[in-house]
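Observations on the model geometry
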Amino acid sequence: MLAAPWLVGAVLTLWLRRWAVLFTPGWLAKALAVTAVALAITTWTSALALATTAIGIGSVPIRVAAVLLGAALVWTSLSAVHHSVRVGANLRAGRLFRDCPGRVGDVLLVDSTMPDAFAVPGRRAVVVITSALASELDDKELSAVIEHERAHLSGRHWLLIQAVHTAARLNPLVHSWCAAVRFAAERAADERAAAGDRGAALRAVARAALLCSATASPAWVGIGGESGEVMRRVHALRRPGPRPQRRWLLAAVCAVVLALAANFVVIADIAQDRIAPERGEPADQVLG
């Protein structure tokens, strides 16, 4: 029971590259985020249940190992909280752009020599484009970049990405999922931009991503990326758009998440029995 979520996580992580073949980019980002969070919470609770169970065993080495595991769990939980606090601070800092009087609708053109484009989420979300980037693109390419960033906002990609990053703080096994969900979010935004003119979107992604690759926008979702990822996105835009999502795969993801949730309920009760047992409840009773 305690090992089950770890085995599921290991298998899903090994098959991570296969996910991109099975899901459309938009659904892939959602599936990765939901599954990663479920995995992180369940595996963390599983480790807690193991630590609280092992600490009651008479063997000194096992007790020492249980204490060390408990300390590691406290550290990972504090790391997750710290990351969440930083995300909140970044959202509050975004008011500088969201409340700027120079915005036109949901677009803000900023005078800067640094080429960049990014989406600032939150109340009155805004797409920020610098003058250096806008001057390098024609009208169709600029429109594609704006649609790309709007897709990040409408798809709440920042929330999906940060959810996976927070999950990775709870369980390092999920760390490799961070790059996967970021790439899925970029691909989903690329496809949204390509809905009007696929050729213009291809040119816009290639030029804007390479121009912005030296610019870091860690707080929000931008169009830049590493050169290898940009090339993968360009190659994907050269092909026809993704086929409709197969519903049975979404049902499979839901089944996995529900199975993890059921496992979480059981192991959380195991941990609760050891930490704060109910009056008259046997120590080995589960779901009591």
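Residues numbered from 1 in each chain as written. Predicted model: local features only at pLDDT ≥ 70, side-chain atom pairs only at ≥ 80, totals over all residues. Heavy atoms only, no water.

Points about the UniProt feature "domain: Peptidase M48" (unreviewed entry) in the chain
UniProt's entry tags residues 109–192 with the feature "domain: Peptidase M48" (unreviewed entry), counted in the numbering of this structure. Structurally, residues 109–192 comprises 62% helix and 13% strand, and the distance from its first C-alpha atom to its last is 21 Å. (UniProt positions renumbered as here; feature names shortened; annotations may be inferred. Helix = DSSP H or I, 4+ residues; strand = E, 2+ residues; numbered from the N terminus.)

Re helix α12 (residues 247–275)
Under the 1.5 Å per step criterion, the end-to-end length of α12 is 41 Å for 29 residues, consistent within 8% with the ideal 42 Å. Looking at the buried residues of α12, the elements they touch are α1 (4–14), α2 (16–22) and α3 (25–54). (Expected span 1.5 Å × (residues − 1). Contact = heavy atoms within 4.5 Å.)

Some remarks on the environment of Ala255
Along the chain, Ala255 turns up in helix α12. Overall, Ala255 belongs to the partly exposed group, its relative accessible area being 46%. For the pair formed by Ala255 and Leu210, sequence separation is 45 residues and the distance between their alpha carbons is 40 Å. (Buried < 20%, exposed > 50% of the residue type's maximum accessible area, 1.4 Å probe, protein only.)

Comments concerning the packing of helix α7 (residues 139–154) against helix α9 (residues 175–193)
Contact geometry of α7 with α9 gives a least axis separation of 8 Å together with a crossing angle of 130 degrees. As summarised for this structure, α7 and α9 are arranged oblique, according to the angle between their axes. Two packed elements cross with a definite hand, and for α7 against α9 that hand is right-handed. Here Ala144, Glu147, His148, Arg150, Ala151, His152 and Ser154 of α7 lie close against α9, whose contacting residues are Ala185, Glu186, Ala189, Asp190, Arg192 and Ala193. Among the residues making up the contact of α7 with α9, the classes are represented as five nonpolar, three polar and five charged. (Axes fitted to C-alpha atoms, helices over the stretch in contact; angles between N-to-C directions. Parallel < 35°, antiparallel > 145°, perpendicular 65-115°, else oblique. Left-handed = near helix turned anticlockwise from the far one by under 90°. Nonpolar A, V, L, I, M, F, W, Y, C, P; charged D, E, K, R; others polar.)

Observations concerning the packing of α3 against α12
Helix-helix packing is characterised by the crossing angle of the two axes and by the distance between the axes. In contact at an axis separation of 8 Å, α3 and α12 are set at 20 degrees when each is read in the N-to-C sense. Taken together, the axes of α3 and α12 lie roughly parallel to each other. Helix-helix and strand crossings are classified by hand; for α3 and α12 the assignment is left-handed. Across the contact of α3 with α12, the residue classes tally to 18 nonpolar, seven polar and two charged.

Quick word on the packing of aromatic side chains
The final tally for this structure, using the stated rule, is three aromatic pairs. Between the aromatic rings of Trp19 and Phe23, the centroid separation amounts to 5.9 Å while the plane-to-plane angle is 35 degrees, which identifies the pairing as tilted. Accessibility classification places Trp19 together with Phe23 in one group, the buried group. Between the aromatic rings of Trp19 and Trp177, the centroid separation amounts to 5.4 Å while the plane-to-plane angle is 70 degrees, which identifies the pairing as edge-to-face. Here Trp177 lies in helix α9 and Trp19 lies in helix α2, a separation of 158 residues in the sequence. (Phe/Tyr/Trp six-rings, centres within 6.5 Å; stacked < 30°, edge-to-face > 60°.)

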